[in-house]
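The primary structure of each chain is shown beneath.
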Amino acid sequence: MAYGRNLLILSIIFLVSSLAIDLISPIWPIYIKSSLGASMTELGFVFSASNAVAAASQILSGFFSDKYGRKRLHVLGTLLAVFPPLMYALASNWMDLVPWVMLSGFATGLYLPVRWAIVADVSSTETMASAYSWTNISWLVGSTVAPFVGGIAADLFGIRFPFFACFILRIAAFPLVVLLQETRRKPQARGTNHKDKEVDVVGRYLLTLVLFSLINIIQGLGIGVTGPVIPVFVVSNFQVDYTFIGILYAIGFGVASIIVQIPGAKCSDLFDRRKVMFVTFVASTPFFLLFAYSRNTLELIAFMFLSRIILNLSWSPFQTLMMDATPSSKWGLVNGVSAATFWVGLLIGNALSGILWDGWGMLAPFYASSLAIGLSALPLLLLKETRVTTK
């Protein structure tokens, strides 16, 4: 009963947090460049500064949440995340953002791996894929509604207004986090006859963690190299307002990602999860590049939608295979390392985005993105399916 309660509260937290984050995410690069005077290279630096701190703190958060529990780190990270959006709105130049994006990255690094570990804590092996799908849906409902609302708000009330709304929603998430109960599973004591088996398990899960981390770094680079430049690319090439930017992200990312959550969980339950991921990684690759060759706004939406709906079909298979391959006593650490390595890829991609744009033209980040997404499928060839099949 307590586990069902925790999963419900956590789903609401994901919803409120995604509403807060995605109110500002589509306009964030435009705000930094156009309102605060950053160059494309400086824009990439701002993104990278946040992601670097997040990557470093997520490993520590995962480790300490396994050792001391989830709740305290979750509460602290959520509290610290309240303040940066307000300071973003009050900034007068892009350099004012740097300490606050670093604080935001630190806060994210504290709470993010904990939240994903809680999903595993409150699930059984049979229900884990569904639990991840439903919490993803809660997050993605916010990611679908918020960009559209944020774009309209920016057009009606000015580009700084969504940051104040984000601040209020961050405050609203805090009491929900306090309501969550501790979910960490205490490791059971084992006899000496289990030592050889434990060594074998540790060896296998470390190899799995290395391979998943490599996938995360490469794919994070592919996502991160276009993250800061997509809104700037769109407003530079098409006569659009902030509302359209919101619609693009709401449909191209939010709707696309929601649609595949339940099918993704079914694929995770029915098929070899490595093969599901391999097919989705490879099949999504061309659409990340085709986005840059869009001739009109409908093609922008269509290519972003296709790239995300195909790639994000892999979310449940990815997470459940990683959890199945690791002992429950290490779930916090593994989620921390997984999140950290993805953010390492993001920060590398973010740093390269402005350099590629300024040095080789606005299409260069999209070529790099497509190449990296395709290459992220290669480590899957070394993974093994952990599910025991019955005949």
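Residues numbered from 1 in each chain as written. Predicted model: local features only at pLDDT ≥ 70, side-chain atom pairs only at ≥ 80, totals over all residues. Heavy atoms only, no water.

1. Quick word on the overall build of the protein chain
Item 1. Helices and strands together make up the secondary structure of the protein chain, namely 17 helices and zero strands.
Item 2. Looking at the protein chain as a whole, 55% of its 391 residues are labelled buried.
Item 3. Across the protein chain, contacts joining residues at least 24 apart in sequence account for 88% of those joining residues at least 6 apart.
Item 4. Accessible area for the protein chain stands at about 16,600 Å²; split by element, carbon and sulfur atoms hold 70% of it. (Helix = DSSP H or I, 4+ residues; strand = E, 2+ residues; numbered from the N terminus. Buried < 20%, exposed > 50% of the residue type's maximum accessible area, 1.4 Å probe, protein only. Contact = heavy atoms within 4.5 Å. Areas by Shrake-Rupley, 256 points an atom, 1.4 Å probe, with all protein chains shown as cover.)

2. Re the nonpolar core
Item 1. Counting residues in each nonpolar core, the largest one holds 50 residues, and the members touching the most others are Phe212, Met277, Phe281 and Leu383.
Item 2. A per-element tally of this core places helix 6 (residues 98-121) first, with nine residues.
Item 3. Beyond its immediate sequence surroundings of up to four residues, Leu383 is in contact with Thr208, Leu211, Phe212, Ile215, Arg274 and Leu321.
Item 4. Counting residues in hydrophobic clusters, the runner-up holds 47 residues, among them Phe47, Ala89, Phe303 and Met304. (Core = buried A, V, L, I, M, F, W, Y, C linked by side-chain atoms within 4.5 Å.)

3. Some remarks on the packing of aromatic side chains
Item 1. A complete count under the given rule lists 16 aromatic pairs for this structure.
Item 2. Seen in terms of ring centroids, Trp139 and Trp315 are 5.4 Å apart; in terms of plane orientation they differ by 20°. Their pairing is stacked. Here Trp139 is found in helix 7 (residues 128-157), whereas its partner Trp315 is found in helix 15 (residues 315-324), with 176 residues between them in sequence.
Item 3. Where Phe157 meets Phe161, the ring centres are 4.9 Å apart and the plane angle is 40°; that geometry is what we call tilted.
Item 4. Through pairs of rings, three or more aromatic residues link up here, namely Trp28, Tyr31, Tyr88 and Phe163.
Item 5. In this arrangement the basic side chain of Arg115 is found over the ring face of Tyr111, its NZ or CZ atom lying 4.0 Å from the centre. (Phe/Tyr/Trp six-rings, centres within 6.5 Å; stacked < 30°, edge-to-face > 60°. Lys NZ or Arg CZ within 6 Å of the ring centre and 35° of its normal.)

4. Details of the pattern of salt bridges
Item 1. As enumerated under the stated definition, the model contains two salt bridges in all.
Item 2. Across the pair Asp272 and Arg274 runs a salt bridge whose closest N-O atoms are separated by 2.4 Å.
Item 3. Of the residues examined, Arg274 reaches a relative accessible area of 23% and is grouped as partly exposed.
Item 4. A salt bridge links Arg295 to Glu299; the nearest nitrogen and oxygen atoms lie 2.6 Å apart.
Item 5. Note on Glu299: relative accessible area 16%, which makes it buried. (Salt bridge = Lys/Arg side-chain N within 4 Å of Asp/Glu carboxyl O.)

5. Focus: empty space enclosed by the protein
Item 1. Counted by the stated rule, this structure contains three cavities of 30 Å³ or more.
Item 2. Taken as a whole, the second largest cavity holds about 90 Å³ of empty space.
Item 3. As for the second largest cavity, its lining consists of Thr226, Ile230, Phe287, Phe288, Phe291, Phe303, Met304, Ser307, Arg308, Phe366 and Ser369.
Item 4. Broken down by secondary-structure element, the contributors of at least two residues to the lining of the second largest cavity are helix 13 (273-290), helix 14 (297-311) and helix 17 (364-375).
Item 5. A total of four residues in the lining of the second largest cavity trace back to one element, the largest contributor, which is helix 14. (1 Å grid on protein atoms, 1.4 Å probe; cavity = no way out; pocket = protein on both sides within 12 Å on 5 of 7 lines; lining within 4 Å. Points joined across faces, edges and corners; volume = space filled by probe spheres on them.)

6. Examining the packing of helix 4 (residues 71-80) against helix 8 (residues 161-179)
Item 1. Running from N to C, helix 4 and helix 8 cross one another at 175°; their axes reach a closest spacing of 9 Å. Taken as axis vectors, helix 4 and helix 8 run roughly antiparallel relative to one another. Across the interface between the two elements, Lys71, His74, Val75, Thr78 and Leu79 of helix 4 pack against Ala173, Phe174, Val177 and Val178 of helix 8. (Axes fitted to C-alpha atoms, helices over the stretch in contact; angles between N-to-C directions. Parallel < 35°, antiparallel > 145°, perpendicular 65-115°, else oblique.)

7. Thoughts on helix 12 (residues 261-270)
Item 1. Of all the residues in helix 12, the buried ones are Gln261, Gly264, Ala265, Cys267 and Ser268. End-on view of helix 12: buried residues confined to an arc of 160°, all on one side of the axis. Looking at helix 12, the residues exposed on the side facing more than 90 degrees away from the buried face are Lys266 and Leu270. (Arc of directions from axis to C-beta.)

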